[in-house]
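# Secondary and tertiary structure notes
Each chain is listed here by its residues.
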Amino acid sequence: MRLSKQKQPGALRFNLTPMIDIVFLLIIFFMTVAQITRVVDTPLPLPRVSSGQETKKTATVVINMTEEGGIILAGEPTPIEVLSETLVKRVADQDNDPNRVPIQIRVHRACRSRHVTRLLKRLSELGFTNVRSAIAE
């Protein structure tokens, strides 16, 4: 009786062909990107402003809204009519351009949306478009 010899499993080999393909693709990619970057980064001579009016920088107006919908401006409770007058004065200081006066509204998380809508409507009537909002504790 003859016993058959079992074949010994060969040593595990690592196939390098896919890795070499990926390395060549990466080389081609980086060479292409480097060429595009050189074309895009062409220096341009930019014009210089010799005279002109300097734009006035303003601080952001922060309007806080309480839980009940009350408005607090600069730490003081303020009715919406007084707020409107204050904002109109700020706009007058900025050459009557409401876009130059940035406004941030900080709203208490329990404040009803109708109060915020009322304030946003008033700001819209005054011509303000540069308005950001945040929710405060």
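Attention here is on the structure that accompanies the text. (Residues numbered from 1 in each chain as written. Predicted model: local features only at pLDDT ≥ 70, side-chain atom pairs only at ≥ 80, totals over all residues. Heavy atoms only, no water.)

### What about the overall build of the protein chain?
Along the protein chain, the regular secondary structure elements total 3 helices and 5 strands. If you list the helices and strands of the protein chain from N to C, you get α-β-β-β-α-β-α-β. Counting every position in the protein chain, which comprises 137 residues, the buried fraction comes to 19%. Relative to all contacts within the protein chain whose residues are 6 or more apart in sequence, the contacts with residues 24 or more apart total 74%. Accessible surface for the protein chain amounts to roughly 11,700 Å². Of this, 58% is attributable to carbon and sulfur atoms. (Helix = DSSP H or I, 4+ residues; strand = E, 2+ residues; numbered from the N terminus. Buried < 20%, exposed > 50% of the residue type's maximum accessible area, 1.4 Å probe, protein only. Contact = heavy atoms within 4.5 Å. Areas by Shrake-Rupley, 256 points an atom, 1.4 Å probe, with all protein chains shown as cover.)

### Focus: helix α2 (residues 80-93)
With 14 residues, α2 extends 20 Å from end C-alpha to end C-alpha; this agrees with the ideal 20 Å at 1.5 Å per step. For α2, the secondary structure elements touched by its buried residues are β1 (61-65), β2 (71-73), β4 (103-108) and α3 (113-126). Of the residues trailing α2, Asp95 is marked for its positive phi of about 60°. (Expected span 1.5 Å × (residues − 1).)

### Observations regarding the pairing of β1
Two faces, one strand: in a regular strand the side chains alternate between the faces of the sheet. Residues of β1 alternate between two faces, with Val61, Ile63 and Met65 buried on one and Val62 and Asn64 left unburied on the opposite face. With 3 bridges joining them, β1 and β2 adopt antiparallel strand pairing. Along β2, the bridge assignment pairs Asn64 with Ile72. In sequence, β1 turns back onto β2 through a hairpin of 5 residues, with Gly69 there showing a positive phi of about 95°. (Pairing = 2+ DSSP bridges.)

It is worth stressing that arrangement in space is one thing and function is another; only the former is reported here.
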